[in-house]
Amino acid sequence: DGGITQSPKYLFRKEGQNVTLSCEQNLNHDAMYWYRQDPGQGLRLIYYSQIVNDFQKGDIAEGYSVSREKKESFPLTVTSAQKNPTAFYLCASSISTGTGASPLHFGNGTRLTVT
Amino acid sequence: EDQVTQSPEALRLQEGESSSLNCSYTVSGLRGLFWYRQDPGKGPEFLFTLYSAGEEKEKERLKATLTKKESFLHITAPKPEDSATYLCAVQASYGGSQGNLIFGKGTKLSVKP
């Protein structure tokens, strides 16, 4: 089955530690995205990538970093500089963004808790 | 400012009681409007894309419609398994990337048997 796999499902870290969230897709999609979801708020875009070895900041990129070395993979690192990292993180992918409206396909998320 | 507003925030229905969810948007040119369903602890599941005013899409008990200012998700004779949070997202026509996708906060639907 084609889809997006995020791991781990739950992640616990101590304050001050960097942590990397994994996202892998086998949909052969060009574009990949990271969103953050907090209670009572809409999804907010952290980073996105339209092609391998290229990525752009979203609305809330501060304290996060990404890489896109392979088409299938788009890991997100939450650094110690992120002031409020506890959240539900969602990875998504879509076919080429181009000029058409392409729906996003989401993974099942990673819930990160930092204490 | 581009924004998406969903109402109501929460909706409780009895099984079989039809209703509608609203998604109002203001954006400088609409490329597409998306509806998603999200179950607790899961990622959003894509339901529909609407591109222009007057367009309608249907899937089982769900029907999505679009005007120039808002979209409705009509739920006909809902069942308990329709309970979920329904998200609306809008993509603006300016720019060339999905970075222009704007999400609403969602409507949490509960259907009681």
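Figured I'd write up the structure that's included with this text.

Procedures and definitions
Residues numbered from 1 in each chain as written. Chains lettered and ligands numbered in written order. Predicted model: local features only at pLDDT ≥ 70, side-chain atom pairs only at ≥ 80, totals over all residues. Heavy atoms only, no water. Contact = heavy atoms within 4.5 Å. Buried area = accessible area lost by both parts, 1.4 Å probe. Salt bridge = Lys/Arg side-chain N within 4 Å of Asp/Glu carboxyl O. Polar contact = N/O pair within 3.5 Å; in protein donor to acceptor, adjacent residues only side chain to side chain. Helix = DSSP H or I, 4+ residues; strand = E, 2+ residues; numbered from the N terminus. Nonpolar A, V, L, I, M, F, W, Y, C, P; charged D, E, K, R; others polar. Pairing = 2+ DSSP bridges. Axes fitted to C-alpha atoms, helices over the stretch in contact; angles between N-to-C directions. Core = buried A, V, L, I, M, F, W, Y, C linked by side-chain atoms within 4.5 Å. Buried < 20%, exposed > 50% of the residue type's maximum accessible area, 1.4 Å probe, protein only. Disulfide = S-S within 2.5 Å.

### Thoughts on the interface of chain B and chain A
How big an interface is tends to be reported as the loss of accessible area on association of its parts. Listed as interface residues are 22 residues of chain B and, on the opposing side, 25 residues of chain A. Carbon and sulfur atoms supply 56% of the area buried between chain B and chain A, which totals about 1,800 Å² over both sides. Across the contact surface, chain B and chain A share zero salt bridges. Along the contact surface separating chain B from chain A lie four residue pairs in polar contact (both at pLDDT 80 or more). Among the secondary structure elements, those contributing two or more residues to the side of chain B that touches chain A are strand E4 (30-38), strand E5 (45-50), strand E9 (84-92) and strand E10 (101-103) of chain B. When residues of the side of chain B that touches chain A are assigned to their parent elements, the largest contribution, five residues, is made by E4 of chain B. Each residue belonging to the side of chain B that touches chain A can be placed in one class, and the counts come to eight nonpolar, 11 polar and three charged.

### Regarding the sheet that holds strand E3 (residues 19-26) of chain B
Residue and element names in this part refer to chain B. Here five strands make up an open sheet; going across it, the order is E1-E3-E8-E7-E6 and the pairing antiparallel. Bordering the open sheet on either side are strand E1 (3-7) and strand E6 (56-59), each of which pairs with just one other strand. Neighbour-to-neighbour, the strand axes of the sheet open up by a mean angle of 15°, direction not taken into account. The sheet contact formed by E6 and strand E7 (residues 62-66) spans four bridges and is antiparallel. Across the sheet, residue glutamate 56 finds its bridge partner in E7, namely threonine 65.

### Examining the nonpolar core
Leu33, Trp35, Leu73 and Tyr86 of chain B are the most contacted members of the largest nonpolar core, which totals 25 residues. Contributing elements (two or more residues each) for this core: strand E2 (10-14), E3, E4, E5, E7, strand E8 (70-75), E9 and strand E11 (107-112) of chain B. For this core, the leading source of residues is E9 of chain B, giving five residues. Cys23, Ile60, Val78 and Ala87 of chain A belong to the second-largest nonpolar core, a separate cluster that totals 20 residues.

### Comments concerning unusual backbone geometry
With an omega of -10°, the peptide bond between serine 7 of chain A and proline 8 of chain A qualifies as cis. Cis geometry is found at the peptide bond from serine 7 of chain B to proline 8 of chain B, where omega equals -10°. Residue position: proline 8 of chain B is located in the loop between E1 and E2. Despite not being glycine, asparagine 28 of chain A has its phi angle at roughly 60°, a positive value. Tracing the backbone shows asparagine 28 of chain A in the loop between strand E3 (19-25) and strand E4 (31-37). Within the chain, asparagine 53 of chain A stands out as a residue other than glycine whose phi angle is a positive 65°.

### Overview of the state of the cysteines
In this structure the tally under the stated criterion is two disulfides over all chains. Disulfide partner of cysteine 23 of chain A: cysteine 91 of chain A, at an S-S distance of 1.9 Å. The S-S bond linking cysteine 23 of chain A to cysteine 91 of chain A shows a torsion near -75°; that makes this disulfide left-handed. Taken together, the positions of cysteine 23 of chain A in strand E3 and cysteine 91 of chain A in strand E9 (residues 87-94) put the pair 68 residues apart, joining distant regions of the chain. Each of the two residues, cysteine 23 of chain A as well as cysteine 91 of chain A, counts as buried. Through a disulfide, cysteine 23 of chain B is tied to cysteine 88 of chain B; the S-S separation comes to 1.9 Å. With the S-S bond torsion at -65°, the cross-link from cysteine 23 of chain B to cysteine 88 of chain B turns out left-handed.

### Some words on the pattern of salt bridges
Residue and element names in this part refer to chain A. In this structure the tally under the stated criterion is seven salt bridges over all chains. Of the charged contacts in the structure, one is a salt bridge between aspartate 38 and arginine 36, with a shortest N-O distance of 2.7 Å. The residues aspartate 38 and arginine 36 share a single accessibility class, namely buried. Salt bridges here are not isolated pairs; linked through shared partners, they connect Arg36, Asp38 and Arg44.

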